[in-house]
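Now for the letters of each chain:
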Amino acid sequence: MRTHVKRITSIADEITTFLLLENFSKLSVTIEPEGKVTKMRFVSENSSMTEEQLTEILLILNQPRQIELETYYWTLLGESGADMSLSVVGRMIDTAQGYLENGAIVLTLIREEIE
Amino acid sequence: MEIFNKLKKPLPNRLRVTLLLYFPLICFLGVMIANDPQAFDNFIKIQLSPAILLTDYLAVGGIAGTLINVGLIALMNILLFYFLKLPYTGLMFAAFFTIFGFSFLGMTLVNLIPIYLGGLLYSRYAKIKFRSIIMLSVFAGTLGPVISHLIFGYGFTGIFAWFLGIAVGTLLGFFVIPIARHLLKFHDGFNLYNIGFASGIIGIVFVSVMKSLGYTTQRVVLLYQSHNSIILALLFISCLYLMTVGYFAEEELIKKWKLILPISGRAISDFTEPAGFGATLFNMGLVGLISTVLVLILGGVVDGFMLAAIYTIIGFGAFGKHPKNMWPIFTGAIISSLVLGLPLSAATTLGSILFATTLVPIAGVYGPGWGIVAGFLHVFVVRQVGDFHGGLNLYNNGFAGGLVAGVLIIIIQTLKGGEK
């Protein structure tokens, strides 16, 4: 359980830092565990991110889940801004959705706990 | 050309296992060509070797005996991957070819099985599936000499020696997984051979304990040091085979391969995802070919040590290495070898130059200038640190690379104003 929670907080750390580095403004993070599934929602206000940039990020975050990589490499998360960090997050989550709304970027990540 | 283009199609998943089966098969073919009546006896001789770095099995057991060892280890791993239903990822290729190469230089069936057993026990203990950590167990074969040396090298005898070797090997296989994971943060994924770094530290602790108890470890340099056409053919055909399969498995090969070049190489850089399976195989063959040609141009001999280095590069050609991030490392390592007055054709020098590519992420992230610095520093460090663990860690360059990366990235980040 502890490892599971640490992995969730590492993902949240990575995305939070990424969004704050992109735009240092109000940011809300919600983490909702429901059984084995955890939903993470990030809302970054006054974002200057373009649709193209968001699409590129969603492409990285929606890479296929790879348990073999996650088990080993998840400790690399937390040093945000590094070029491959989002790729590590992508390997650790099942789906990522996002959109821009009134200058805010809304990102939703879903991760299911797998043995 | 049009005919070749028509033949091109993506390789189906069920056929991917056959891609790797080629490697043990070509080894067994090499055994038949070598036609050595002593082949099986020599294979047994290799199994009973203390396996300390640098023990080139071509020198211990000849071509045929070595190829039996390499072929059986490759086959064992392919079957394991198959039954565990592992996906064909960059990490899997890196693990497979690393172990394939090091089966020429220190890994045997005897010293690998206890490490895998330790990994299996760890997965049970941590309540995770074995397939989640099998890659780490494969890489952890670097600690094989600890087991072989306990059974055949320290002077213990009989059942006790076997019990001790297997028990310690299983324990190391168990603990190397959390230790390696933890030590990844030391260099932030800038050293590709991280298990080598972790195993170097484990090796230092182990050697210190043994030394305090009165058991010393003597380094050896036992190299084959002569050209052999079967070995050269094995290497060239391996590279060309990967490039050819890559060519036929990818419709827009060069376009896809170019997607690999901007990738930094820092963990996790799995090329199979952005560039596809075919372009990844092509890149693996290409970096292998470049490394082989480099060895021959510098006047080196392709022996077991070189095979370990080149096959490891081939494997990581799917997980971090490509020509664009390799050349600065090669350049820096060659310059420092010249500064130190090392003969470029010597196996130990060439080994340092080739294995220095563990630091390609530095060139990929911070540019070729820092890549040259990393390669330059690596040769200085790797020449000194092998004695620390007494040659019990086969990935000595991974250990040195971890130290170089851990220090250098802090220097680079400080100079770039990372604290601001």
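Residues numbered from 1 in each chain as written. Chains lettered and ligands numbered in written order. Predicted model: local features only at pLDDT ≥ 70, side-chain atom pairs only at ≥ 80, totals over all residues. Heavy atoms only, no water.

> Help me get a handle on the domain arrangement of chain B, residues and values and all.
Residue and element names in this part refer to chain B. The domain architecture assigned to chain B consists of domain 1 (16-25 + 35-212) and domain 2 (229-415). A separation of 21 Å is found between the C-alpha centroids of domain 1 and domain 2. Contacts between the two partners involve 55 residues from domain 1 and, on the opposite side, 58 residues from domain 2. Summing both sides of the interface, domain 1 and domain 2 together bury roughly 4800 Å²; the carbon and sulfur share of this comes to 76%. Among the residues of domain 1 in contact with domain 2, Phe190, Leu192 and Tyr193 are the three that bury the most area, contributing 20% of the side total. Taken together, the links from domain 1 to domain 2 amount to 0 salt bridges. Our count for the contact surface shared by domain 1 and domain 2 stands at 16 residue pairs in polar contact (both at pLDDT 80 or more). For the side of domain 1 that touches domain 2, the secondary structure elements donating two or more residues are helix H2 (16-34), helix H4 (57-83), helix H5 (90-102), helix H7 (130-139), helix H8 (144-152), helix H9 (158-187) and helix H10 (194-212). Ranked by the residues each element gives to the side of domain 1 that touches domain 2, the list is headed by H10, at 10 residues. Here the residues of the side of domain 1 that touches domain 2 sort into 36 nonpolar, 16 polar and 3 charged. (Domains from an automatic or database assignment. Contact = heavy atoms within 4.5 Å. Buried area = accessible area lost by both parts, 1.4 Å probe. Salt bridge = Lys/Arg side-chain N within 4 Å of Asp/Glu carboxyl O. Polar contact = N/O pair within 3.5 Å; in protein donor to acceptor, adjacent residues only side chain to side chain. Helix = DSSP H or I, 4+ residues; strand = E, 2+ residues; numbered from the N terminus. Nonpolar A, V, L, I, M, F, W, Y, C, P; charged D, E, K, R; others polar.)

> Mind laying out the sheet that holds strand E1 (residues 27-34) of chain A, listing which residues take part and the relevant values?
Residue and element names in this part refer to chain A. Spatial strand order, E1-E2-E4-E3: 4 strands in an open sheet with antiparallel pairing. Two strands bound the open sheet, and with one partner strand each, they are E1 and strand E3 (95-101). Each adjacent strand pair in this sheet contributes to an overall mean axis angle of 10 degrees, direction not counted. Examined bridge by bridge, E1 and strand E2 (residues 37-44) share 8 bridges and lie antiparallel to one another. (Pairing = 2+ DSSP bridges. Axes fitted to C-alpha atoms, helices over the stretch in contact; angles between N-to-C directions.)

> Mind laying out the side chain of B:Thr357, listing which residues take part and the relevant values?
All names here are of chain B. With respect to the helices and strands, Thr357 occurs in the loop between helix H17 (347-355) and helix H18 (360-366). Classification of Thr357 as buried rests on a relative accessible area of 0%. Side chain to side chain, Thr357 and Lys321 meet in a polar contact 2.8 Å long. Once residues lying within four places of it in the same chain are set aside, the contact partners of Thr357 are Leu192, Tyr193, Ile313, Lys321, Met326, Ile329 and Phe330. (Buried < 20%, exposed > 50% of the residue type's maximum accessible area, 1.4 Å probe, protein only.)

> Pulling in residues and values, what's your account of the packing of H9(B) against H10(B)?
Two quantities define a packed helix pair, namely the angle between the axes and the distance from one axis to the other. Residue and element names in this part refer to chain B. Look at H9 against H10: their axes get within 8 Å of each other, and the N-to-C directions meet at 120 degrees. Our classification of the angle between H9 and H10 gives oblique. Handedness of the crossing formed by H9 with H10: right-handed. In this structure, H9 contributes Val168, Leu172, Val176, Ile179, Ala180, Leu183, Leu184, Phe186 and His187 to the contact, and H10 contributes Asn194, Ile195, Phe197, Ala198, Ser199, Ile201, Ile202 and Phe206. Of the residues assigned to the contact of H9 with H10, the class counts are 14 nonpolar, 3 polar and no charged. (Parallel < 35°, antiparallel > 145°, perpendicular 65-115°, else oblique. Left-handed = near helix turned anticlockwise from the far one by under 90°.)

> How would you summarise H17(B) if you had to cite specific residues and measurements?
The buried count for H17(B) comes to 8 of 9 residues, which makes it a mostly enclosed element. B:Ala347, B:Thr349, B:Leu350, B:Gly351, B:Ser352, B:Ile353, B:Leu354 and B:Phe355 are the residues of H17(B) that are buried.

> Account for the environment of B:Ala279, with residues named and values stated.
All names here are of chain B. Its location among the elements puts Ala279 in helix H14 (residues 277-297). Sequence-wise, Ala279 and Glu251 are 28 residues apart; in three dimensions their C-alpha atoms are separated by 9.5 Å. The residues touching Ala279, leaving out its near neighbours within four places in the chain, are Glu250, Leu253, Lys256, Trp257 and Ile260.

> With reference to specific residues and values, describe the confidence of the model for chain B.
Model confidence for chain B is summarised by a mean pLDDT of 92, while 95% of its residues fall at 70 or above. Within chain B, no element has a lower average pLDDT than helix H1 (residues 2-7) of chain B, which sits at 52, and none a higher one than helix H16 (residues 323-339) of chain B, at 97. (pLDDT = per-residue confidence, 0-100.)

> Break down the interface of chain B and chain A for me, with residues and values.
On the side of chain A, 21 residues touch chain B, which itself brings 28 residues to the contact. Of the roughly 2300 Å² buried at the junction of chain B and chain A (both faces included), carbon and sulfur atoms supply 60%. Together, B:Arg181, B:Arg266 and B:Ile268 form the three largest contributors to the area buried by chain B at its contact with chain A, with a combined 28%. One can count 1 salt bridge joining chain B with chain A. One salt bridge in this structure joins B:Arg131 and A:Glu68, with 3.0 Å as the shortest N-O distance. Inspection of the chain B/chain A interface yields 6 residue pairs in polar contact (both at pLDDT 80 or more). Per-class residue counts for the side of chain B that touches chain A are 13 nonpolar, 6 polar and 9 charged.

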